[in-house]
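Structural overview
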Amino acid sequence: MKFAASATFLLLTPTLSSAFVPSSTTPTSFVTRHATLEEVSTPERVAPDAGYIPDWEDRIGLSPDEFLKSDESKSDLSGMWECPLTRWDSEGIDVVKAQREAAKMPHCPLEVRATDADNAMGAAYFEKNRDKLRANLLKYGAIWFRGFDLMQSVNGYREMHEAMGMDPCLDPLHSSGLRKFASERDALYEEVNKPSLRGHYIGLHCESTAKRTAAYAAFVCFQKATEGGGRFLVADGAAILAELKTETLQRLYDRKIRISVSNLDIPPAMPKPLKEGIKSLVDAAVAPKFDMDLEMIYESDGKPGRLQAVETAESPINRHPVTGLPVWFNNAHNHARKLRDRRPCGVPEVGMTEVFYADTMEPLSLEDCQEIKRASEKHITALSMEPGDVLLVDNYRALHGRDIFAGDRFHAVTWFTWDDNEQWRGDERRILEKNGLNKVINGMMDWLPKDFESDQS
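Okay, so let's go over this structure. None of the values given here were measured: they were computed from a predicted structure.

**Topic: the environment of A187**
Among the secondary structure elements, A187 is positioned in the loop between strand 4 (181–183) and strand 5 (188–190). Residue A187 is classed as buried on the basis of its relative accessible area, which comes to 0%. Once the C-alpha coordinates of A187 and F416 are considered, the two residues, 229 residues apart in sequence, prove to be 9.7 Å apart. With residues near it in sequence (within four places) discarded, A187 still touches L77, M80, P168, V413 and T414.

**Regarding helix 13 (residues 366–378)**
Taking 1.5 Å per residue as the helical rise, helix 13 with its 13 residues ought to reach 18 Å, and the 18 Å between its terminal C-alpha atoms agrees with that figure. Taken together, the buried positions of helix 13 are L366, D368, C369, E371, I372, K373, A375, S376 and E377.

**Brief notes about the environment of N330**
Tracing the backbone shows N330 in the loop between strand 13 (326–328) and helix 11 (332–335). Exposure remark for N330: the relative accessible area of 3% places this residue in the buried category. In this structure the C-alpha to C-alpha distance between N330 and S208, which are 122 residues apart in sequence, comes to 8.1 Å. Of the polar contacts made by the side chain of N330, one reaches the backbone oxygen of P316; its length is 3.1 Å. One polar contact links the side chain of N330 to the main-chain amide nitrogen of A332, over a distance of 2.9 Å.

**Details of helix 6 (residues 130–140)**
Residues L133, R134, N136, L137 and Y140 constitute the buried set of helix 6. Take helix 6 and look down its axis: the buried residues cluster within an arc of 160°, on one side only. Of the exposed residues in helix 6, those oriented more than 90 degrees away from the buried face are D131 and K132. Packing partners of the buried residues in helix 6 comprise strand 1 (110–113), helix 5 (123–128), strand 2 (142–146), strand 7 (216–223) and strand 16 (390–394).

**Considering the nonpolar core**
Ranked by internal contacts, the top residues of the largest apolar core, which has 85 residues, are F126, F145, F222 and W328. Apart from the residues lying within four places of it in its own chain, the contact partners of F222 are F67, M151, Q152, S153, V154, Y157, L188, P387, F410 and A412. Formed by 25 residues, the second largest nonpolar core is a distinct cluster that contains L77, C108, F181 and W415.

**Examining the sheet that holds strand 11 (residues 306–311)**
Taken in spatial order, the four strands make up an open sheet running 10-11-9-14, and their pairing is antiparallel. One side of each edge strand has no neighbouring strand; the edge strands of this open sheet are strand 10 (294–298) and strand 14 (354–357). Averaged over all adjacent pairs, the angle separating strand axes in this sheet is 35°, with direction ignored. With five bridges connecting them, strand 10 and strand 11 associate as antiparallel partners. Within the sheet, the bridge partner assigned to M296 lies in strand 11 and is A309.

**So, the packing of aromatic side chains**
Scanning the entire structure with this criterion turns up 16 aromatic pairs. Judged by centre distance (5.4 Å) and plane angle (55°), the rings of F67 and F410 are tilted. Remark: F410 occurs in strand 18 (residues 410–416) and F67 occurs in helix 2 (residues 64–67); sequence separation between them is 343 residues. Assigned by exposure class, F67 and F410 land together as buried. A ring pair is formed by F126 and F148, whose centres lie 5.2 Å apart and whose planes are at 45°; its orientation type is tilted. Taken together, the residues span a long stretch of sequence, with F126 in helix 5 and F148 in the loop between strand 2 and helix 7 (154–163) at a distance of 22 residues. Accessibility expressed as a relative area gives 2% for F148, which makes it buried. Here a set of aromatic residues connected by ring pairs shows up, and it is made of W88, Y216, F329, Y396, W418 and W424. Stacked on the ring of W81, the Lys or Arg R425 has its end atom at 3.8 Å from the ring centre. Here the basic side chain of R429 rests over the ring of W81, its NZ or CZ set 3.6 Å away from the ring centre.

**Remarks on the sheet that holds strand 6 (residues 202–205)**
One open sheet holds the four strands; their spatial order is 6-17-8-15, and the pairing between them is antiparallel. Strand pairing shows two members of the sheet lacking a second neighbour, strand 6 and strand 15 (381–383), which therefore form its edges. On average, each strand axis in the sheet is tilted by 20° relative to the strand beside it, whichever way the strands run. Where strand 6 and strand 17 (residues 398–402) come together, two bridges link them in antiparallel fashion. By the bridge assignment for strand 17, I202 is matched with R402.

**Looking at the packing of helix 3 (residues 95–102) against helix 9 (residues 246–255)**
With their axes 10 Å apart at the nearest point, helix 3 and helix 9 run at an angle of 120° to one another. Classified by the angle their axes make, helix 3 and helix 9 are oblique. Note on packing geometry: the crossing formed by helix 3 with helix 9 is right-handed. Residues V95, V96 and Q99 of helix 3 touch helix 9, and the partners they reach there are T246, L249, Q250 and Y253. Considered class by class, the residues forming the contact of helix 3 with helix 9 number four nonpolar, three polar and no charged.

Analysis parameters
Residues numbered from 1 in each chain as written. Predicted model: local features only at pLDDT ≥ 70, side-chain atom pairs only at ≥ 80, totals over all residues. Heavy atoms only, no water. Helix = DSSP H or I, 4+ residues; strand = E, 2+ residues; numbered from the N terminus. Buried < 20%, exposed > 50% of the residue type's maximum accessible area, 1.4 Å probe, protein only. Contact = heavy atoms within 4.5 Å. Expected span 1.5 Å × (residues − 1). Polar contact = N/O pair within 3.5 Å; in protein donor to acceptor, adjacent residues only side chain to side chain. Arc of directions from axis to C-beta. Core = buried A, V, L, I, M, F, W, Y, C linked by side-chain atoms within 4.5 Å. Pairing = 2+ DSSP bridges. Axes fitted to C-alpha atoms, helices over the stretch in contact; angles between N-to-C directions. Phe/Tyr/Trp six-rings, centres within 6.5 Å; stacked < 30°, edge-to-face > 60°. Lys NZ or Arg CZ within 6 Å of the ring centre and 35° of its normal. Parallel < 35°, antiparallel > 145°, perpendicular 65-115°, else oblique. Left-handed = near helix turned anticlockwise from the far one by under 90°. Nonpolar A, V, L, I, M, F, W, Y, C, P; charged D, E, K, R; others polar.

Encoded structure:
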């Protein structure tokens, strides 16, 4: 039945809310190009811009057999902390003052390049410089470690973050299935390397839902894309806040936003009692599995019969929990439909997202989407990450994403909770009930053909 298939996809695709979107057209070149937004019935899909595009250095890494080996003598981290609850502090922000304050921040990310002496120290480099590096993470929002031999393997990567005193936690959407573990005992998730998803352009986002947010993340490259592309994207939420037109930012702050994470298209002529029954079933049986606060709403985007899973209202600006700095803290660049429709993107309709004004549940206007696109992409650094490179991210300050790629690619990530604040960390350990759904969805995602496109069933 069509409904049964759609319901299955509804189970699969709310997972896309935190991050990643597939591509239906792969540009012939991986050089980013400018895309303007125009009201056309079939918009042209053009790869977005980046403000800074460093050159590749073509460093050679280890083979998969070598870099994936786990040290069995080390403790098993699979019982890691639950992802902590989101720290919201968004009331009473003076937008003009916040923009002035944000404009003073230094460029993100800070680049730290290994010397021969640094490499000779191994993990001791990170232990010795821990306090300075942690302070710089807070100051800059992200640190790009380049040319370190230590992190070319799972074992060395773990030594690095343990030397810095960081405490792993679950992905905020562990049950999503978008990421499976690269090494579960090392608390290491695989990034979005799946062949079926390599054509996705992943827009800027914090690894966050309205309910849960990881404090930090460390993205590691073990193997760059073998046939080109796959740059990792990072941008400073403070820089984006300072860049946005004040009137646009004020409007979005005043009205707040809500994000739809999935669509289920039901025949519009279906009797209302049956439609309400479907809504209640999805609300009771599916939504709780994803550990998100979702409301099931019919036709919020104007499409007859469409049932959408919508997150609660949230401010697009949030104060950093530690520094108090107001920053652009939301996933609109990734989730807005008007942006997805105009860049490489090909998720099935059931997995398409949308961003609404919270007060009226109208989709963001083309004008506001265009301004979010301009301000965000001006401050993207499209990193040329090579084997051993790590991007350490303050998840409340910097946003991240990923360009499309060809061939094979192996990047991975560990999420971290608050290691210096037990109250913020909470006392929840890994929720094992999430594991089954994670594995089922990962199996389905692995089953999809390479370069899956949205017009395929």
